[in-house]
Structures are given as C-alpha cells and as structure tokens.
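Structural overview
Spelled out, the chains give:
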Amino acid sequence: MTAIELTINGAGHQVTTDPRTLLLHVLREELGLRGTKYGCGEGECGACTVLIDGRPLNACLIPAGRADGARVETIEGIAGTETGQTVIKALCEQGGVQCGFCTPGFVASITAGGDLSGNLCRCTGYIKIRAAVRQVLDQIEPRPPSPPGPRRAILGPAYARPATVADALRLLATDAPWRILAGGTDLLVQHEHRLERLSLLDITAIADFPALTETSQSVVIPALATYTDLRTSPTVLRWAGPLATAAALVGGRQIQNAGTVGGNIVNASPAGDAIPALQVLGARIHLRSPHEARTVPISRFFTGPGRTRLAKGELVTHIEIPKTPPTDLIWFFDRVGTRRAQAITKASVAFRARRHESGLADVSIALGAVGPTVLEAPKTAAFLERGPLTEERLRHAADLLGREAQPIDDIRSTARYRRRAVAGLLLRNLLPLAGRPPCS
C-alpha cells in the first residue's frame, strides 16, 4: 500500500491504496465521487473521462500511482464552475441528455474544448449533443492544459515510478518481472484491469528523457511523446507528416492524450498506426541498458507479432527521424477500419517519395496490418520509380502492392479484402497526382 497524493477538484487528498488500483476506483470507492462512470473499460466510450492537468483522460486506464501529484477534475468539481454550468445547461436545453450515464464524460470533454472523438452515447444520439457544443463554444473560454506538477518517485516492490532513466535501468536489471507502463492504453486492456497480478514499472515520471526537438540533421522524439504531442508539433508536421497524420487517427482525444509512440513501438502490433509512418521516414530506435546505448533501424526492430529485438533490461529512450528536405516531397499515411475513428486498423499504407519531371524517386512504402509485422513493398516502390506517374501505371502499381501484402483471414477482416484495401489506399492518395506536373 502507498500513500497517493492527489489534488481533486481543488482540494488536496491523500489516499492509501495499492498504486496499481485504477484511478476510477479510487475516485468512486475511496472518495465517493461516483459521477465518473465505468463503461467499456477500454478507453472507447468516454464515460470515465476526467481532466488531469486540464487534459481529458480515461480514468479507467490510469493506475492511481500514475496520477500521484496530478490535478484531477471530476464532474462534481466541473459542475460547480461557471463553465461547467454553461455546458450542462446547453445539454439540457438542446435535449442532449437521456439516461445520463455518459453525460459526465461529455461535460468534461466539452469543458476541455469540445472534442468529442472519445465519447460515445448509446441513447441520445449525437445531433442534439453537437448542437449543445455549438451553443456553448462561443460562450466558454477553452482552458489550455496546464503543465504537469512535479512527480515524485515511488519505489515499491510491485509498482515503481522512477525519476530518472538510470533508476529505471537499475530496476530492470533485477530479477523482478517488471512490465513497463507508459500510456497504458494497451497494457491495461490486455490484462483486463487485473493489475494486481503485474509488477508495473511506470516510466511516466522520468525527467531526463530527451525532449521533442530537432537538430540540423534529424528530429528527436522522446519515447513518452503522446499522440497529441505528435499531431500538434510543428516540427513533426513539417518533417514527419505521415507520423502526425497517423497520430491524429489513433483512438479518441483521451487515448491520444495518454498513448505514447514508444509504447506503440514496443507493443509491436502489426496494426500499430505509428509504425508504418516511422518506417517510411527511416526512423531509428534508440535503446539504453545499464551497459550500453545502441540504435536499431525500425525496419529491423520487429521479429513478429508482439515481438521485437528489445533485450532484457533495455529501455526505448527516443526515436530519431532523419530530415528530408520537403521540396517536391509526396507523403501520406492512410488506413481503413470498421469505422472512421475508434477502430483497430484493418489495413494501412504509409508512403514517401520525391517527385520529379519524369515521375518518382526514392519511393518508400510500408504496409500495416497485412502481415506478421509492418511490411515494406520494394517491388511496388521499384516499379513506381521506373516510369511516369500515369493512371495506367498507378493502377498496375496498386495491383502489385496488393500482391506484396501478406494478410490473413481473422476476426477483423479477410485476406482478400485487405489486399484490395491497400491497393485502394494507394490509388486514393496518388491518382489525383496522375498526369499533373510537380509543383514548382
């Protein structure tokens, strides 16, 4: 048991609990703040949305230890503010409330700026809720997120939150069966919230990871960079456009505020959206152990579904992307899923090439969710480099790309559909360029 210190709705609280206990359960069971609801348990429905340091997050995917030192706002506190009252009034006036189960999460998200991509409603529908959002956006002042407060180290036998990379590596060098916790958006769902069985090494308080910066030669992205960091960073938007696009398509806003690029890489899912984008950008993974630092090209990092070349005792510290001058550059990331948002990818394509008068050069293509790992498509890339960018040649390239994919039939889709999907994604993004000269 650990004393967890929280500021909740402006008041300080100290709760003695297992730091692996979900923040949602601490709020509801320990503190009696039952307005925050347990819905899907996977970060999709948004019923458990709270504001942590001003950012909407899913309380069902945050261990209490990770929230230590944070400023938390629940519906009970938000409803007592002028902004909260304005939002609640608009929802009532527009008929945006029926059973009310999801309403606290909607109020929290609207208060934080009105992005509802991570909130679901099962009875009201969205027309009236969107009308309420339109009504209040001119009346409330969106609050920018506040910088996180200081995070103290917690060093327990089954939950540890070190303050430095060196401290984390010392813990990893022991015989304890540590599972590394970053955003937690996959780990907690995989284990169905049965965290009492895990020894969690929470790296979210490490202060000496590199910052998201750029040098004259490359862009440096820390392992803890969230999808929100990636989709909003001017540096990433300029030098790593496909990565920014992929980040914007991951989950809803609450997941984007929590999930990390390092976690997406180490999770090693063939459907991970950041991985194809990083692959066409030529990213290199920087690893640290107590004995050495090394780098691995992302194209060589994965050995199978959920398997990587990360050695025991190693930690991903950052990702480095070489800069490519944006002149005449064509790049994109695109995907298909069961629906446009909040869906696991069925097939994805990341693409990067340089346009010149007679066609394309330096073509790089990566395919997600159509093989045991993210796949490169060297035959299609070579074909595109050998001739002009015409509709006929693009259709042939799309057919070739479908044949380079290695999909399987599974619960989410069929192999045949996935082959057609990657072909369609290539055509959707490149056909508009057919027959057009490069931009000057």
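The notes below deal with the structure included here. (Residues numbered from 1 in each chain as written. Predicted model: local features only at pLDDT ≥ 70, side-chain atom pairs only at ≥ 80, totals over all residues. Heavy atoms only, no water.)

Examining the sheet that holds strand S5 (residues 71-73)
With mixed pairing, the five strands of this open sheet are ordered in space as S2-S1-S5-S3-S4. Edge positions in the sheet fall to strand S2 (11-17) and strand S4 (55-58), since each of these pairs with one other strand and no more. This sheet shows a mean twist of 40° between the axes of neighbouring strands, independent of strand direction. In this structure, strand S3 (residues 49-52) lies alongside S5, joined through two bridges in antiparallel fashion. (Pairing = 2+ DSSP bridges. Helix = DSSP H or I, 4+ residues; strand = E, 2+ residues; numbered from the N terminus. Axes fitted to C-alpha atoms, helices over the stretch in contact; angles between N-to-C directions.)

What to know about the packing of aromatic side chains
In this structure the tally under the stated criterion is two aromatic pairs. Where phenylalanine 301 meets phenylalanine 302, the ring centres are 5.3 Å apart and the plane angle is 85°; that geometry is what we call edge-to-face. Here phenylalanine 301 matches phenylalanine 302 in class, with each residue buried. When the ring of phenylalanine 332 is compared with that of phenylalanine 351, the centres are 5.3 Å apart and the planes differ by 10°; the resulting orientation is stacked. Remark: phenylalanine 351 occurs in strand S18 (residues 345-356) and phenylalanine 332 occurs in strand S17 (residues 329-337); sequence separation between them is 19 residues. (Phe/Tyr/Trp six-rings, centres within 6.5 Å; stacked < 30°, edge-to-face > 60°. Buried < 20%, exposed > 50% of the residue type's maximum accessible area, 1.4 Å probe, protein only.)

Topic: the environment of leucine 281
Note that leucine 281 resides in the loop between helix H14 (274-280) and strand S12 (284-288). Separated by 36 residues in sequence, leucine 281 and threonine 245 place their C-alpha atoms 13 Å apart. Every residue in contact with leucine 281, bar those within four places of it in the chain, is listed here: Trp239, Ala240, Pro242, Leu243, Ile321, Pro322, Trp331 and Arg352. (Contact = heavy atoms within 4.5 Å.)

Remarks on the packing of helix H15 (residues 378-385) against helix H16 (residues 391-404)
Following both chains from N to C, one finds H15 and H16 inclined at 165°, their axes separated by 8 Å at the closest point. The angle between H15 and H16 falls in the class roughly antiparallel. The two elements H15 and H16 meet at a crossing, and its hand is right-handed. Of the residues in H16, those in contact with Pro378, Lys379, Thr380, Phe383 and Leu384 of H15 are Arg393, Leu394, His396, Ala397, Leu400, Leu401 and Glu404. Classifying every residue of the contact of H15 with H16 gives seven nonpolar, two polar and three charged. (Parallel < 35°, antiparallel > 145°, perpendicular 65-115°, else oblique. Left-handed = near helix turned anticlockwise from the far one by under 90°. Nonpolar A, V, L, I, M, F, W, Y, C, P; charged D, E, K, R; others polar.)

Here we look at the sheet that holds strand S9 (residues 199-202)
Read across the open sheet, the four strands follow the order S6-S7-S9-S8; overall the sheet is mixed. For this open sheet the edge positions go to strand S6 (154-155) and strand S8 (178-181), each flanked by a neighbour on one side alone. By the bridge criterion, four bridges tie S8 to S9 in an arrangement that is parallel. Across the sheet, isoleucine 180 pairs through a bridge with leucine 201, a residue of S9.

A short note on the pairing of strand S16 (residues 315-322)
With six of eight residues buried, S16 lies mostly within the body of the structure. Where strand S11 (residues 218-222) lies against S16, five bridges are found, and the strand directions are antiparallel. Along S16, the bridge assignment pairs proline 222 with histidine 318. As paired strands, S12 and S16 are joined by five bridges and run antiparallel to one another. In the strand pairing of S16, isoleucine 285 is matched with isoleucine 319.

A closer look at the pattern of salt bridges
Evaluated as defined, the whole model comprises 15 salt bridges. A salt bridge links arginine 71 to aspartate 53; the nearest nitrogen and oxygen atoms lie 3.5 Å apart. Of this pair, arginine 71 sits in strand S5 while aspartate 53 sits in the loop between S3 and S4, and the two are 18 residues apart along the sequence. On the accessibility criterion, arginine 71 (34% relative accessible area) is partly exposed. Close ionic contact of arginine 170 with aspartate 167 constitutes a salt bridge, the shortest N to O distance being 2.2 Å. Within this pair, arginine 170 and its partner aspartate 167 are both found in helix H7 (residues 165-172), separated by three residues, close to a single helical turn. What you see here is one network of salt bridges that share partners, running through Asp68, Arg152 and Arg161. (Salt bridge = Lys/Arg side-chain N within 4 Å of Asp/Glu carboxyl O.)

As for the packing of helix H4 (residues 82-93) against helix H5 (residues 103-111)
The N-to-C vectors of H4 and H5 enclose an angle of 125°; their axes lie 10 Å apart at closest approach. Of the possible angle classes, the one that applies to H4 and H5 is oblique. You can see that H4 and H5 cross each other, and the crossing is right-handed. Mapping the contact onto sequence places Thr83, Val87, Ile88 and Leu91 in H4 and Thr103, Val107, Ile110 and Thr111 in H5. For the contact of H4 with H5, the per-class residue count stands at five nonpolar, three polar and no charged.

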